[in-house]
Amino acid sequence: MPQLMLTMENVLSASHPSDIVSYSTPEIEVSSAVIQTNESTDGYVVVETIIGRVTMPVILVEDGRIRMTTIVYQNIQKRWTLQQGYRHAQIGSHVLSVSLQRLHNVTSERLNISQPKSITMVLPTQVNGREKERLCTFWNFDEGFWDTTGGRLLTKNDSHTECQFDHLTNFAVLVLYYDQSLSLSKLQKQTMFVLTIVCCSLSITCLGVCIILYIYLHLLGEEKILIHANLCIALMLAQLVLVTSHGAERVTAACKTVAVLLHYLFMSSFSWMMLEGLAVYLACTRGLYNYGDMRLKYFLVGWGLPAIIVTVSVGVQFPNYGETADDSCWLSVRDGLIWAFMGPMLVVVVFNLFILCLVIKVFLTLRANSRKTQAAKLRASVRAMVTLLPLLGVTWVLSILVPLHHVFHYLFIIGNAMQGIMIFLLHGIGNDEVRKGLSERRKRHSITGSESVTTINSSQPKILRFKQLLVPVETYDQGSDRRQAWTEL
């Protein structure tokens, strides 16, 4: 196929200046015409071909008589196998060859153009699956593949693609598709939706109970509990928006609002997870340094840093919020907006993994563990790691593996739900301060209840005497009148 294109270009470029070629078969459509610069519009020359139009600045064709030759390879894309450079891609348009020749008296000379944004063309495009990306390419004869250098996508719709190039050669539109083996069936989508609702509901409930316990027991004054509570709030709100936003994708404004909210709330969750790791590190070194009261600083970082990231992202790429390939209200992958979430998330996870390793090392060097056997040390390390993992957000590493297989998608959903449940079990009802506070509350209620019973029992005779003293007493008759008197205590 490339050899055919190269031969056609050479033959047409060497044709006589007086030759006006017009040739048509079911496979190839060839046409040529001398460009009339006096027919330009707003400084541009527009040439219509059988499949679309080609536009170029008139300044490129003002020097002498210029002939434009176009070749449309109408079915070549069906037999062209892409062997290099792209996975899950197809040629989505006809291949269009465009060349210019400067005409002399008896000879013609091929005109080479190399000027940025000089050639614009509109090509009919056929999309046969779930589109991931669309590329404006040309055939690189030297390297033997479809190259995007010098090509830029201007606009696209379901049937056409507008491209811009800085040179003339053989052009085509490549359509990249998502791997169909990884696409979800209707049953799988329904299963994941139900699993998401159930798991997030359990997580929301557990996180809500944690927050209530912290408030009820007046524990928010403690630095560690304050971080736990804010992490619970951020995660709970994010999951609430996630489970209640079903159907928002039908309304553009609602979908973008949901995407911005999810971005901020999940970023806040990771910010507080980072602070959980930082607090653990500071707890390990507090004996060496005096950090003072960190609560205000934690608030500024936990809620302020995500606000800055999301504000910048919205200001730069707001149109790409909610514009995903699967019509979900999230961040666009195609335009790179997803890295406004994935980048900070990976930084937090790597930081917290480092903190986890540091804490395990410090834990094993404690004097209390120095006399333990290796098996006992291993059990203690695992116990410490399990306690810290839900706070550090390590389960979010599964999100990176989701594109590889459906199984990781299910594990990611379950892992996120388990984060809320494990926070409740290990840092809610399993937290020493919480258990101590609940125990003191029970004792206080028990003592209060005992005192109430004792008070009632001791006051019962007085009540009886009081009732007895409030009985009516008849007095003696004084004349014909009977009078009744009441005695009081």
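Residues numbered from 1 in each chain as written. Predicted model: local features only at pLDDT ≥ 70, side-chain atom pairs only at ≥ 80, totals over all residues. Heavy atoms only, no water.

On to the pattern of salt bridges. Taken as a whole and assessed by the stated rule, the structure comprises one salt bridge. Between Lys224 and Glu433 there is a salt bridge whose closest N-O contact spans 3.7 Å. Residue Lys224 is found in helix H4 (residues 223–244), and its partner Glu433 is found in helix H12 (residues 432–469); the two are separated by 209 residues along the sequence. Given a relative accessible area of 42%, Lys224 falls into the partly exposed group. (Salt bridge = Lys/Arg side-chain N within 4 Å of Asp/Glu carboxyl O. Helix = DSSP H or I, 4+ residues; strand = E, 2+ residues; numbered from the N terminus. Buried < 20%, exposed > 50% of the residue type's maximum accessible area, 1.4 Å probe, protein only.)

With respect to the element layout, Phe318 can be found in the loop between helix H6 (295–317) and helix H7 (339–364). We classify Phe318 as partly exposed; its relative accessible area is 36%. It is 8.8 Å that separates the C-alpha atoms of Phe318 and Val260, two residues lying 58 residues apart in sequence. With residues up to four places along the chain from it excluded, the contact list for Phe318 reads Lys256, Val260 and Ser313. (Contact = heavy atoms within 4.5 Å.)

Here the focus is the side chain of Glu276. Positionally, Glu276 belongs in helix H5 (residues 252–285). One buried charged residue, Glu276, forms no salt bridge at all, with the nearest opposite charge on Lys224 at 8.7 Å. With residues up to four places along the chain from it excluded, the contact list for Glu276 reads Ile227, His228, Leu231, Leu391 and Leu392. (Lys, Arg positive; Asp, Glu negative; His and termini not counted.)

This part covers the packing of H5 against H6. Between two packed helices, the angle of one axis relative to the other and the distance separating the axes together describe the packing. Running from N to C, H5 and H6 point in directions that differ by 145°, and their axes come no closer than 8 Å. Two packed elements cross with a definite hand, and for H5 against H6 that hand is right-handed. Contacts between H5 and H6 involve Val260, His263, Tyr264, Met267, Ser268, Ser271, Trp272, Met274, Leu275, Leu278, Ala279 and Leu282 from the first element and Tyr298, Phe299, Val301, Gly302, Trp303, Pro306, Ala307, Ile309, Val310, Ser313 and Val314 from the second. For the contact of H5 with H6, the residue count by class is 18 nonpolar, five polar and no charged. (Axes fitted to C-alpha atoms, helices over the stretch in contact; angles between N-to-C directions. Left-handed = near helix turned anticlockwise from the far one by under 90°. Nonpolar A, V, L, I, M, F, W, Y, C, P; charged D, E, K, R; others polar.)

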